[in-house]
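# Results of the structural survey
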Amino acid sequence: MKPLARFTKGASLVSVLVGLTAGMMGCSPSYPMDTLSNGSDFARRIHSIYVFVNWIDFVIMLIVLAVMFLAIFWFSTRVGEPGEPSTVTSDIRLEVAWTAIPALILVFITVPTIRTIWATQPDHWPADALTIKVIAHQWWWEFQYPEYGIDTADEVHLQAGRMVHFAMESADIIHSFWVPTLGGKRDVVPGQINSITYTPDQLGMFYGQCVEFCGDSHANMRLRAFVQTKDDFDKWVKQQQSPPVTPAGGSAAAGAQIFANAPCAICHTVKGLTGLSPQYSGTFKGPDLTHFGSRSTLAGSILENTPENLAKWIQDPDKVKPGANMPTLGLKGKDLNDLVAYLESLK
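The rules behind the values
- Residues numbered from 1 in each chain as written.
- Predicted model: local features only at pLDDT ≥ 70, side-chain atom pairs only at ≥ 80, totals over all residues.
- Heavy atoms only, no water.
- Axes fitted to C-alpha atoms, helices over the stretch in contact; angles between N-to-C directions.
- Helix = DSSP H or I, 4+ residues; strand = E, 2+ residues; numbered from the N terminus.
- Parallel < 35°, antiparallel > 145°, perpendicular 65-115°, else oblique.
- Contact = heavy atoms within 4.5 Å.
- Nonpolar A, V, L, I, M, F, W, Y, C, P; charged D, E, K, R; others polar.
- Core = buried A, V, L, I, M, F, W, Y, C linked by side-chain atoms within 4.5 Å.
- Buried < 20%, exposed > 50% of the residue type's maximum accessible area, 1.4 Å probe, protein only.

Another point: the packing of helix H5 (residues 250–261) against helix H9 (residues 333–345). Two elements in contact, H5 and H9, have axes whose closest approach is 7 Å; the angle formed by their N-to-C orientations is 100 degrees. By the angle between their axes, H5 is roughly perpendicular relative to H9. Between H5 and H9, the contacting residues are Ser 251, Ala 252, Ala 254, Gly 255, Ala 256, Ile 258 and Phe 259 on the first element and Lys 334, Asp 335, Asn 337, Asp 338, Leu 339, Ala 341, Tyr 342, Leu 343 and Ser 345 on the second. Classifying every residue of the contact of H5 with H9 by side-chain character gives nine nonpolar, four polar and three charged.

Membership of the largest hydrophobic core comes to 32 residues, with the highest contact counts inside it found for Ile 132, Trp 141, Phe 166 and Phe 177. Taken together, the elements giving at least two residues each to this core come down to strand S1 (130–137), strand S2 (140–145), strand S4 (155–159), strand S5 (164–170), strand S8 (194–198), strand S10 (222–228) and helix H4 (230–241). Looking at this core, the element that brings in the most residues is S1, giving four residues. Excluding residues that lie within four positions of it along the chain, Phe 177 makes contacts with Val 134, Trp 141, Phe 143, Phe 166, Met 168, Gly 184, Lys 185, Arg 186, Val 188, Gln 209 and Leu 223. Residues Ala 262, Cys 264, Val 270 and Leu 298 belong to the second largest nonpolar core, which totals 26 residues.

With respect to the helices and strands, the residue His 157 is situated in strand S4. Classification of His 157 as buried rests on a relative accessible area of 9%.

This is how it looks when you write it as structure tokens:
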């Protein structure tokens, strides 16, 4: 086969493979943990580096493919007798080239990467930035808003256009905080505060996940981030600062008594009603339940917050989330229904 014909055949095969790959990518569904969406200034910085590096990779790939196809289909056939082999053992120009070019490529990638790291881990931030203390537990996330006196779990609310500073540490072992649409990952380490700072600007609900293996239910340690308008965020803050609902009677009132008398009140807090038991000397604490009914999820954000799911969680936490520190209370029938009614009333 002539060299040009073999080159044309090889190029056609590559074109078919590229077309099939592009077609499969186009048919893929949208995923909730989307790293290509840009919901903050930090996410756009990461995306720009990603695109820049991919263009460099694409150019390198074209050069390598061109050289490879020339070697395979053009220079593989020689006409006439072979000449004397070269006696040259080295080429200083070639050695300088294949050392300098990769070094320059690394510099081009390193500079924007370091600039992004500095921008998202500043030594100081504006006074009006929203500071959120993130505490990682096995296996749930605690979010404290010192400015507003709010303590919630597994769902973090942010104001669009307002810089947010996350100060993160772990209550037990190493975890890693990640909301792909809003920014990069950050390890959450016991005894050390790591931070990440960015300005979310895309409204909506975004999924997050612990991305450092942390035990049996690592995959069940999820979270949701809600980016809201200023008015909606202010309404949420006002709701969270309000005292918990006190049922006047019925099933919810009976459930409040069960909550106060059962082991629930040992680890969980409902502000103004119960706190951590003074007899409790352990280090574990459960989520603050003051406004539990206003949350959209439960059990580390793996279940939608419905009465049916809440009952299933209370009946057998370990079945829902293996290794969960919450004990099985043995509640059934009316007692279980009353407790569920009370917790869901905490709006």
